[in-house]
Structures are given as structure tokens and as C-alpha cells.
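Overview (structure and organization)
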Amino acid sequence: MEKVFQLNDTMKIRTGVVVVGSTGTGKTTVLDIVIGAINNLVESGPEYININLTKINPKAVRTDNLYGYINLLTNEWNDGIIANIIREAVAQQDQQYIG
């Protein structure tokens, strides 16, 4: 429970949070608990904003696809997955986290 409280306190004062740790240490569980609790409190007052979590696995895609790249033939920029996720997150009113 201590990690749940620590993450909640950190999310209140930071614009970005990175949760790291070894496999099986409960990172996903802690995130799910905190986000679920905050989303349940949204209707109780304006200090709570609905949170959407978008999970990505950077090991599952090539670096170019993840970040974006310049096409050397046309000199055009091609957005990557992260740029697209951030663009969609900015367009929404909810609080967004990418994991």
C-alpha cells in the first residue's frame, strides 16, 4: 500500500511519472489501483480529473516507428507512435499517461 500512496502523491505534483522496476514487483498493479481510485473519485469534486493510461511496449517496434523518422527521399517527417499518442492526448480533456 505504501507504493500506492507514493505514486498517488507523485502524480499530484508531477506532470509526468515513470514507474520502473524488476519483473513481478507490482508496477502494473500499483498503476491500476491508483488510476482506478482516482477515476472513481472524478464525480466527487473538481480536483479529480479522469485518467486514461495508454500502454506501449518500446521493445515491440522499431525505433523509427516509435519516435518517427525523416524520409530521406522526400525530406518529409513521419510521426511515430509516441507522437501520435501525445497528439491524441492533448486533444482530450482527461489527464493522460503513457506507459
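Before reading on, note that the structure itself is shown above.
Residues numbered from 1 in each chain as written. Predicted model: local features only at pLDDT ≥ 70, side-chain atom pairs only at ≥ 80, totals over all residues. Heavy atoms only, no water.

Moving on to the environment of N50. For N50, the position within the fold is in the loop between helix 2 (27-41) and strand 1 (51-54). For the pair N50 and I38, spaced 12 residues apart in the sequence, the C-alpha separation amounts to 7.1 Å. (Helix = DSSP H or I, 4+ residues; strand = E, 2+ residues; numbered from the N terminus.)

Our focus in this paragraph is the pairing of strand 2 (residues 68-71). Looking at chain direction, strand 2 and strand 3 (residues 76-79) are connected through 4 bridges and run antiparallel. Bridged to Y69 within strand 3 is N78. Linking two consecutive strands that pair antiparallel, namely strand 2 and strand 3, is a turn of 4 residues; a positive phi of about 60 degrees is found at N75 within it. (Pairing = 2+ DSSP bridges.)

Right, let's talk about the pattern of salt bridges for a bit. Applying the stated criterion across every chain yields a total of 2 salt bridges. Among the ionic pairs, D64 bridges to R62, the shortest N-O distance being 3.4 Å. Overall, R62 belongs to the exposed group, its relative accessible area being 54%. Between D79 and R87 there is a salt bridge, and its shortest N-O distance comes to 2.8 Å. Note on D79: relative accessible area 33%, which makes it partly exposed. (Salt bridge = Lys/Arg side-chain N within 4 Å of Asp/Glu carboxyl O. Buried < 20%, exposed > 50% of the residue type's maximum accessible area, 1.4 Å probe, protein only.)

On to a nonpolar patch on the surface, then. On the surface, I70, L72 and W77 cluster together into a nonpolar patch covering about 380 Å² of accessible area. Residue position: W77 is located in strand 3. By relative accessible area, W77 is classed as partly exposed at 48%. (Patch = residues over 30% accessible without salt bridge, like charges linked within 9 Å, V, L, I, M, F, W, Y side chains within 5 Å. Areas by Shrake-Rupley, 256 points an atom, 1.4 Å probe, with all protein chains shown as cover.)

Interpretation in functional terms is not warranted from these geometric data alone.
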